[in-house]
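Report on the structure
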Amino acid sequence: MSRVLIRGGRVVDPSQSLDAVLDVLLDAGRVARVGEGLESSEGTETVDASGLVVTPGLIDVHVHLREPGGEHKETIESGARAAVAGGFTAVVAMPNTDPPIDSPASVGFVRARGAAAGLARVYPSGCITPGQKGEQLTEIGELLAAGAVCITDDGKPVMNAGLMRMALEYAQSFDLPVAVHAEELTLSRGGTMNEGIIATRLGLTGIPNAAEDVMIARDLLLAQLTGGRLHIQHVATRGGVEMIRAAKAMGVRVTAEGSPHHFTLTDEAVEWYNTNAKMNPPLRSAADRDAVRAGVADGTLDVIATDHAPHHYDEKEQAFEDAPNGIVGLETAVGLAFTELVATGVIDLATMVERMSCAPARAMSLDRFGLGSLREGSAGDVTLLDPLAEWTVDAAAFQSLSRNTPFGGRRLRCRAVRTIVGGRTVWEAGR
Amino acid sequence: MAQELVNPTLGKDLVGLEELTREQITAILDTAETFKEISERPVRKVPFLRGRTVVNAFFENSTRTRVSFEFAEKRMGADTVSISTSGSSVQKGETLVDTARNLEAMRIDMVVIRHASSGSAKFLADRIESHVINAGDGKHEHPTQGLLDLLTIRDHRGPIEGLKVCICGDVLHSRVARSNIHGLKRLGAEVAVCGPLTLMPADVAELGVHWFRRIEEAIEWADVLNVLRLQLERMKAGFIPSLREYNRIFGVTRARVEAAPRDVLILHPGPMNRGVEIDSDVADGPHSVILQQVTNGVAVRMAVLYLLAGGPAHDGEAST
Amino acid sequence: MDAPAVEQAVSRMADDVVRLAADATELVLLGIHRRGVQLAALLAEGIRARCGLALATGSLDITLYRDDLMVVGPRPVVGQTRLPAGGIDGRTVCIVDDVLYTGRTVRAALDELADFGRPSRTLLAVLVDRGGRELPIQADVVGERVDVPQGGRVEVMVPEIDGSLGVDLVEAAG
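Only a predicted model underlies this, so the values are computations on that prediction, with no experimental measurement involved.

Reading the values: rules and limits
- Numbering of residues starts from 1 in every chain and runs along the sequence as written.
- As they are written, the chains are lettered A onward and the ligands numbered 1 onward, keeping that order.
- Only residues with pLDDT of at least 70 are given local features in this predicted model, and only at 80 or more are side-chain atom pairs given and counted; all residues enter the totals for whole chains, interfaces and linings.
- To obtain the side-chain values, all non-hydrogen atoms of the structure were included, while hydrogens and water were left out.
- Start and end positions for the domains come from either an automated domain assignment or a database one.
- The contact definition used throughout considers only heavy atoms, calling two residues in contact when any of these lie within 4.5 Å.
- Here the quantity called buried area is the total loss of accessible area, with a 1.4 Å probe, experienced by two parts when brought into contact, counted for both.
- Throughout this description, the term salt bridge denotes a Lys or Arg side-chain nitrogen within 4 Å of a carboxyl oxygen of Asp or Glu.
- Under this definition, polar contacts are N or O atom pairs within 3.5 Å; protein pairs additionally need one hydrogen-donor-capable and one acceptor-capable atom, and for neighbouring residues in sequence, both atoms have to be side-chain atoms.
- Only runs of H or I of at least four residues qualify as helices and only runs of E of at least two qualify as strands under DSSP, and these elements are numbered from the N terminus.
- We call Asp, Glu, Lys and Arg charged. Ala, Val, Leu, Ile, Met, Phe, Trp, Tyr, Cys and Pro are nonpolar, and the rest, Gly among them, are polar.
- Relative accessibility thresholds used throughout: buried, under 20% of the residue-type maximum; exposed, over 50%; partly exposed, between the two (1.4 Å probe, protein chains only).
- Charged residues are defined narrowly, with Lys and Arg counted positive, Asp and Glu counted negative, and His plus the chain ends left uncounted.
- A helix is expected to reach a length of 1.5 Å times the quantity of its residues less one.

1. Some details on the domain arrangement of chain B
Residue and element names in this part refer to chain B.
- If you check the domain split of chain B, you get domain 1 (2–140 + 297–314) and domain 2 (143–294).
- Listed per partner, the contact involves 33 residues of domain 1 and 27 residues of domain 2.
- For the pair domain 1 and domain 2, the summed buried surface comes to about 2400 Å²; carbon and sulfur atoms form 59% of the total.
- Among the residues domain 1 hides against domain 2, the three largest losses belong to Leu17, Arg22 and Leu29. Together they make up 27% of the total.
- Our count for the contact surface shared by domain 1 and domain 2 stands at 4 salt bridges.
- In this structure, the salt-bridge partner of Glu60 is Arg175, at a minimum N-O distance of 2.9 Å.
- At the junction of domain 1 and domain 2, the tally comes to 11 residue pairs in polar contact (both at pLDDT 80 or more).
- Looking at the side of domain 1 that touches domain 2, the elements with two or more residues in it are helix H1 (22–35), helix H2 (63–75), strand S3 (110–115), strand S4 (131–137) and helix H12 (290–307).
- Sort the elements by how many residues they give to the side of domain 1 that touches domain 2 and H1 lands first, with 8 residues.
- Its residues assigned to classes, the side of domain 1 that touches domain 2 shows 13 nonpolar, 9 polar and 11 charged.

Pasting the structure below:
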C-alpha cells in the first residue's frame, strides 16, 4: 500500500506546466517524486503507464449523490463508484437531498458515508438557506467546520437579492465559495425545455435564456458589490458566458461551470419528448452550445462539471412534463470532453486537464488539501487515461445505480483506465 | 372488384396532424364526408368495428369530446369502455405507464387518450401495440378537433387551399391551435394568429404564421376565424390583465364581424366563454358554424376509426 | 363482351326486372359501388325506355359491412350511400351489381339494407354471374352467365370509371 510507481506515461499537469513522458512515484498516499527513470524498489507496486496519459486526479464539483432520501437512484457509495469509474478522484456533493444538507450533523453524515465507501473523496456542500427555502442563512460557519467546502441551494435559486447579497458577504469571512443555480423562477414559469420552435411544436412550456441571464447578471453584480466568491453552476446560455467573461475582465471573483451535455447537445435532443434530454437548465440552441464550448476553451468557464443527476428508470418513464430533471454524467464526462473538445481541436489535452482537475480544485479550495496537482507533496490522487480507447456508451454497464443518459449508444474516445486515490488504486478498467 | 380504390394508410396511431401528409388528411376528410349520412340513418350504426373494443382513457375531464368519441365508436359498431380519472389522487406518471401495461394485457384494440401532459399520446403509442388516438395531450395537439375544423371550413368555403384562416386567442396554451396550424398549412391555407403577444408561442412565425396584433386587422384579412376559448387561469397568472379588457380589445363581437369586408366564417372548438372571446350574438348568429363542428366531429372520429390500419398485430386474422 | 353486347344484355335485364317487379311504380334500383351504380343507371334508362317510367335510383356502398376487412393494410375508399327519397320501407328494391361471384358483397348489401328499413321485396340483378358461390345467394336477373377458369377474373368496364362499356375475362397470371 505504501509505494506506487507509475512508469512511462505522458504526465500532463497544468499546475506545473508539465507535459512529458515521466514517472510518478507515490509514497504513503502522497506524490513523492515526478521525474525520468525513477527506480523501483522492493515493495513498490509498479504500474505500466506506457501509452497512457497520467493526470492529477479529476474532480467533479457538481454531483448529486441522492443520499439521504433518494437511495433508489444513487447512494454516496454508488455515486463514488461511478465517479472513480469515470476517472474522478474527488467530487463535491450537492446538498438538495431529502432532508437537505443544512446542518452540521448532515454535513458530517455525508463525510462519513463518503469515507466509509473508500472510493472517490466526497466533499459535502451545505445549503445557503435552511431547507433551501430561500428565507434566511444557514449556520455557514458551522457547516464549514463540519467539512462543507461550499454553500449552494442548487436545484433552486436564491430568489431574494438581499439575501443573496448577505450570503456572499457572510461567506467571505470564511473564504467560502457560494455556488449558484441561476434561474429567475418567474421567467422560467415551470417550463421544461428551451423556449423556441421545438417547444412550440411539442406543446411544452419553454424556459427563455433570459431566465438564466437575468439571475447571472444579478449575481455577478452582487459579487462585484460584495467582493465575495461566486461560483456559477451549469452555464447554458451565450449571454451568460458573455457576462461572465466581462465580469472577470472587471476583476469580479467568479468561477463558472460548463457541463458536457451543454457543450455537446442542443434542444433538438428533446425530440420526441425524450426525458433523458430533460434537465435544468435545459439544452438550448446551437448558438448557446457553441458559446459554452468557446467559454470552456478560453477559460471563461473555468471548470467542466457534470451536474450528475441520477433518476430511477420509472421516474424518467413518464410524460415529459412529469419526469424529473437531470441526467447522469460521471461515467461519460471524460469521453465527451475528449471527443467533443480535444479531438476536434477546440482545446488541447492540457486544457482539458486544467478544466477537470486544477481549476475545480482551486474553485472549491481543494488545492489546500493537495488536490489538482502532481507537485511533490500533493495528494496521491492520479487518473490514468487511455486517449486512444474507443468505446460505446452502454448505460446498462454503468456503475451508477441510474441509467438516465441521452448518450446511450454514442461512440466516444478516451477513457479512464485506472483511478488512484491517496496512493490506492480504487478503480481499474476491466476489473 | 378490379382496381379497388384505396386510401393512404395512417399508420398505427393518430398522434397529431403535424406528421400527416396532405393525402392522409384529405383521405380522412373525404371519408368523414361519406360517413355523415350514417348519423342520419334510422339505424345509426354500421358493423365495421363489431367485436372490437375501444377504450376511452380520459385523464382530463371532457364530457363533449368523450361523448363524441363514444358516439363515433358505437356508430362504427364497437364496444366502448370509458375510463375517467380526475388525476388528483393518483400520480399522473404511474397511472400512464400502468395504464399502458393494463391495456396491453387486456387486448384492447384501440385506445383514445386525453391527458394533461404534452407528449402523453405518443408516450402511450410507443408502449402498446393497440392503436392510439390522441384526444388531446397537454398543449401539444388535438388532431380530431383540427380535422373536424378543416371539414367544417371545407363544407362552407370549399377547398382549403388559399383560404385565409385566423386563429384567435390563447394560441400559446392551445393544442387545438397547433393542430389547426399544422392541418391548415398542410392543405395550403394561409394561417394567421391574433391575440396579445403574451398568449402567442415564441417563434410562431417560424411555423409560417403571421401575427395580427389587433382583432380588427385579423377580421379584415380572414375568410375564416377560429376563436379559441380563453381560460380564467390566464388572467390569474398574469397573461392578460382582465377578461373584460380581453373582450374589449380582442373579442369577436357582432359589430366587428359585421364590419368585415366579406362573409367571415366563425368557428369555436367549445366550450365557449360567452362575452369573453366571443359574444353570444356572434356564436348564435348567421356566420357561426359552431354546431356543425359538433356534428362533423362524430363523422371525423368515425373516419379516423375506419382508417387506422387494420387489426392489432397480435390478432393475426387472415382475409377470406 | 363489347359495348353493344353489354347494351343488349342490359336490355334483356330491363325486360326481366319489369316482369318480376309486379308493380313498377314502387320499384327502386340500388347500385352497389362502384360499377353497380352506373349499371343501375343504365338499367333504369332501359326500363324507362320500355315502359316510360322514371325509376327512383340510389347507391349503396357496402365497405363497412364487408366480412373480409379485418386485415392490416390500406382501407378501401368508401363511396357515398344515398337512398332515394321516400326510403325503402314497403317498396320493391332491386339491388344492381356488376359481377356476382362468392355472394359476400350481396350478403353485405342485404345487411346494410336491413339497417335502412324493410322493403316489401328485394330482387338482385347482376350483369355477370360467374358462379363460385360461397353463400346461398342467387340473382333474380342475370345479364350473362360466364364460366371463369381457375384464377381468372371478370372485369366489367363502365364509361364513367373506365372510359368504355364492356366485360373482359382476364386469365390467371403466368
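2. Quick look at the side chain of Glu74 of chain A
All names here are of chain A.
- Among the structural elements, Glu74 can be located in the loop between strand S6 (58–63) and helix H1 (76–85).
- Nearest to the buried, unbridged Glu74 among oppositely charged side chains is Arg403, at 7.5 Å.
- There is a polar contact of 2.6 Å between the side chain of Glu74 and the side chain of Ser78.
- With near-sequence residues (within four places) excluded, Glu74 lies in contact with Leu65, Arg66, Glu67, Gly79, His308, Pro310, Ser400 and Leu401.

3. Brief notes about helix H10 (residues 286–298) of chain A
- With 13 residues, H10 of chain A extends 18 Å from end C-alpha to end C-alpha; this agrees with the ideal 18 Å at 1.5 Å per step.
- Positioned one or two residues after H10 of chain A, Gly299 of chain A has a phi angle of 85°, which is positive.

4. Describing the pattern of salt bridges
- According to the stated counting rule, one finds 55 salt bridges over all chains in the structure shown.
- Arg3 of chain A is the partner of Asp27 of chain A in a salt bridge, and the nearest nitrogen-oxygen pair spans 3.4 Å. Residue Asp27 of chain A is located in strand S2 (residues 18–27), and its partner Arg3 of chain A is located in strand S1 (residues 3–13); the two are separated by 24 residues in the primary sequence.
- Since its relative accessible area comes to 26%, Arg3 of chain A is described here as partly exposed.
- Arg101 of chain B is paired through a salt bridge with Asp98 of chain B; the nearest N and O atoms lie 3.8 Å apart. With Arg101 of chain B and Asp98 of chain B both in helix H3 (residues 92–105) and 3 residues apart, this pair spans about one turn of that helix.
- The partly exposed category is assigned to Arg101 of chain B, whose relative accessible area is 48%.
- Accessibility expressed as a relative area gives 38% for Asp98 of chain B, which makes it partly exposed.

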